[in-house]
Amino acid sequence: MTDIKKSIHGEWSSRFAFILAATGSAVGLGNIWKFPYITGENGGGAFVLIYLLCIAAIGLPIMAAEIMMGRRGKQSPINTMETLSEEAESDNRWRYLGWLGVIAGFLILSYYSVIAGWALSYVLKAFTGSFSGGNALEIKSLFDDMVGSPIQLTFWHSVFMAATMYVVSRGVSSGLEKAVRFLMPTLFVILILLLGYAMTTGFYQQGLSFMFTPDFSQIDSDAVLTAMGHAFFTLSLGMGAIMVYGSYLPKDISIGKTALYIAGADTLVAIMAGIAIFPIVFANGLEPGSGPGLIFQTLPIAFGNMTGGWIFGVLFFVLLVFAALSSSISLIEPAVAWLVENKDIPRIKACIWAGLATWGLGIAVAFSFNIWSGFTIFGKNMFDLLDYMTANLMLPIGGFCIAVFAGWVMKTQNSREELELPDTIYRIWKFLVCYIAPAAVFIVFLHVLGVF
Ligand code: PHE
């Protein structure tokens, strides 16, 4: 069926374009902002090890499954799930999986945009020389001043949301594709430079051993859940982002290799960010577990104290914003594609509606760092709550269902035909999506619930 059918939203111009866009979706704040701080909060090495295991055993097979399902369904995740469940002669309630994804994307973007706003405001700070010669204390108060200001946070969040909606409104190839073409390689170069700086701090070894010496006494079931949830978050899995990108993928492209490439690049960027940041943390007597502000309180010290730091600082935060942008567009794309398909409205209108709703919720997140910080649900402020609900719960649940669907519901003949993997690799994939991935998610959930 898929040979003749194309997505109504357009198609990627080449395999390279898809890889760029999907890598753009995967590589974002998750790698550079979130990975280091949750690694710091969860004690380092053992957490990193569990995260890497989750990427390989759960993330990779589910990524192949999502791309494959998207390409076969050729529509927004909600309608794709409906089409695929019909094809598999199964229950059409599978479409709720699409809904779960659309909602997760909306919730994630509402706080993602606020954090991307921090990065935007740091572009300006870097540009005006605010980091110059700064010590840990000065850099920290710069950060505290920013998050303490509801007006600043709202302003930068609004700028970022407007940019996201602008890119999304331009559609698949002109908007999404062009935005990511040159950003990834440049970001990579800056990270290498930061690694170079980290080596000069005298704390490089300590940083490395923090990240790579596993100490399992630091790990409890919540840490395992965070590591697993982050594997989904960082690879953009479990909510239909990769599925919707897969739906724009032409037929003649190898899904297996593509998934491997994306997951590899994503992991490399996260590990590099970690290796660059922890030596700076230790060199300045900072706390690895100091939370979401970690990179904003460490990297500016590096930029403020190295030669040419001004220009590198500006460049780094500009690139971080672009990395966030290429992820944020994929967070809202499932909702926009669905609105266009089902409500029969032009793409631009769909963008405005989806964007306004996200922006509104984002304001509550921005306030949760200052004037509403006392407002908590289950002991968590709005930011923590949304992050926990999405990354730790909704994405793993979505991923679990995707694995079950690809492994158990879809006909073997169809998944085999769509994936076109060599026979042994197909069998390994099938084993991972049928047993390992669902069981891992299930067991971690049971453990968190205290069942054993
Ligand atoms: N993977 C993105 C990041 O690491 C975030 C994201 C999550 C994007 C889910 C799309 C879907 O920053």
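Anything mentioned here points back to the structure above.
The structure reproduced in this document is the subject of the present report. (Residues numbered from 1 in each chain as written. Predicted model: local features only at pLDDT ≥ 70, side-chain atom pairs only at ≥ 80, totals over all residues. Heavy atoms only, no water.)

**Focus on the pattern of salt bridges**
Thought 1: In this structure the tally under the stated criterion is 12 salt bridges.
Thought 2: Among the salt bridges present, the one from Asp 423 reaches Arg 427, with a minimum N-O distance of 3.0 Å. Placement of the pair is Asp 423 and Arg 427 together in helix α19 (residues 423–448), with a separation of 4 residues, close to one helical turn.
Thought 3: According to the relative accessible area criterion, Asp 423 is partly exposed, its value standing at 37%.
Thought 4: Accessibility expressed as a relative area gives 52% for Arg 427, which makes it exposed.
Thought 5: One salt-bridge network, in which partners are shared between bridges, spans Arg 71, Arg 72, Glu 87, Lys 251, Glu 417 and Glu 418. (Salt bridge = Lys/Arg side-chain N within 4 Å of Asp/Glu carboxyl O. Helix = DSSP H or I, 4+ residues; strand = E, 2+ residues; numbered from the N terminus. Buried < 20%, exposed > 50% of the residue type's maximum accessible area, 1.4 Å probe, protein only.)

**A closer look at the site of the ligand**
Thought 1: Inspection of the region around the ligand gives 15 residues, with Ala 26, Gly 30, Tyr 112, Phe 233 and Ser 236 positioned closest.
Thought 2: Here an oxygen atom of the ligand sits 3.4 Å away from a polar atom, N or O, in the side chain of Asn 31.
Thought 3: Protein chains bury 100% of the 320 Å² of accessible surface belonging to the ligand in isolation.
Thought 4: Across the shell around the ligand, the residue classes break down as 7 nonpolar, 8 polar and no charged. (Near = heavy atom within 4 Å. Polar contact = N/O pair within 3.5 Å; in protein donor to acceptor, adjacent residues only side chain to side chain. Areas by Shrake-Rupley, 256 points an atom, 1.4 Å probe, with all protein chains shown as cover. Nonpolar A, V, L, I, M, F, W, Y, C, P; charged D, E, K, R; others polar.)

**Looking at the nonpolar core**
Thought 1: Grouped together as the largest cluster of nonpolar side chains are 170 residues, with contacts concentrated most on Met 69, Trp 118 and Trp 429.
Thought 2: In terms of residue count, helix α15 (residues 309–342) provides more of this core than any other element does, 18 residues in total. (Core = buried A, V, L, I, M, F, W, Y, C linked by side-chain atoms within 4.5 Å.)

**Structural notes on helix α7 (residues 150–169)**
Thought 1: Spanning 20 residues, α7 covers 28 Å between terminal C-alpha atoms, matching the ideal 28 Å at 1.5 Å per step.
Thought 2: Downstream of α7 by a residue or two, Gly 171 has a phi angle that is positive, lying close to 90°. (Expected span 1.5 Å × (residues − 1).)

**Thoughts on the packing of helix α6 (residues 136–147) against helix α14 (residues 294–305)**
Thought 1: Axis separation between α6 and α14 bottoms out at 9 Å; the angle between their running directions is 135°. For the element pair α6 / α14, the angle class is oblique. Relative to α14, α6 is oriented so that their crossing is right-handed. Residues Ala 136, Ile 139, Lys 140 and Phe 143 of α6 form the contact with α14, whose own contacting residues are Phe 296, Gln 297, Pro 300 and Ile 301.
Thought 2: Split by residue class, the contact of α6 with α14 holds 6 nonpolar, 1 polar and 1 charged. (Axes fitted to C-alpha atoms, helices over the stretch in contact; angles between N-to-C directions. Parallel < 35°, antiparallel > 145°, perpendicular 65-115°, else oblique. Left-handed = near helix turned anticlockwise from the far one by under 90°. Contact = heavy atoms within 4.5 Å.)

**Some words on the packing of aromatic side chains**
Pairs of aromatic rings are described using the distance from one ring centre to the other and the angle between the two planes.
Thought 1: Under the counting rule described, the total for this entry stands at 29 aromatic pairs.
Thought 2: Geometrically, the ring pair formed by Trp 94 and Phe 405 is edge-to-face, given 5.0 Å between the ring centres and 75° between the ring planes. Within this pair, whereas Trp 94 is found in the loop between α4 (77–87) and α5 (95–127), its partner Phe 405 is found in helix α17 (residues 382–409), the two being separated by 311 residues in sequence. For the residue pair Trp 94 and Phe 405, the accessibility class agrees, reading buried in each case.
Thought 3: The ring of Phe 233 has Lys 34 sitting right over it, with the charged end atom 4.4 Å from the ring centre.
Thought 4: Note that Lys 380 overlies the ring of Tyr 388, its terminal NZ or CZ placed 4.5 Å from the centroid. (Phe/Tyr/Trp six-rings, centres within 6.5 Å; stacked < 30°, edge-to-face > 60°. Lys NZ or Arg CZ within 6 Å of the ring centre and 35° of its normal.)

**A word on the environment of Ala 223**
Thought 1: Its place among the elements puts Ala 223 in helix α11 (residues 221–234).
Thought 2: Residue Ala 223 is classed as buried on the basis of its relative accessible area, which comes to 1%.
Thought 3: Look past the residues within four positions of Ala 223 in its chain and what remains in contact with it is Asn 42 and Phe 47.

**What to know about helix α2 (residues 29–41)**
Thought 1: Given a rise of 1.5 Å per residue, 13 residues ought to cover 18 Å, and the 17 Å separating the end C-alpha atoms of α2 matches this to within 8%.
Thought 2: When the local axis directions of α2 are compared, the greatest deviation, roughly 35°, occurs at Phe 35, which is followed within four positions by the proline Pro 36.
Thought 3: Counting buried positions over the 13 residues of α2 gives 12, a clear majority of the element.
Thought 4: Taken as a whole, α2 has its buried residues at Leu 29, Gly 30, Asn 31, Ile 32, Trp 33, Lys 34, Phe 35, Pro 36, Tyr 37, Ile 38, Thr 39 and Gly 40.
Thought 5: Positive phi appears at Gly 43, one or two residues downstream of α2, with a value of about 85°. (Bend = angle between axes of the 7 residues up to and from the residue.)

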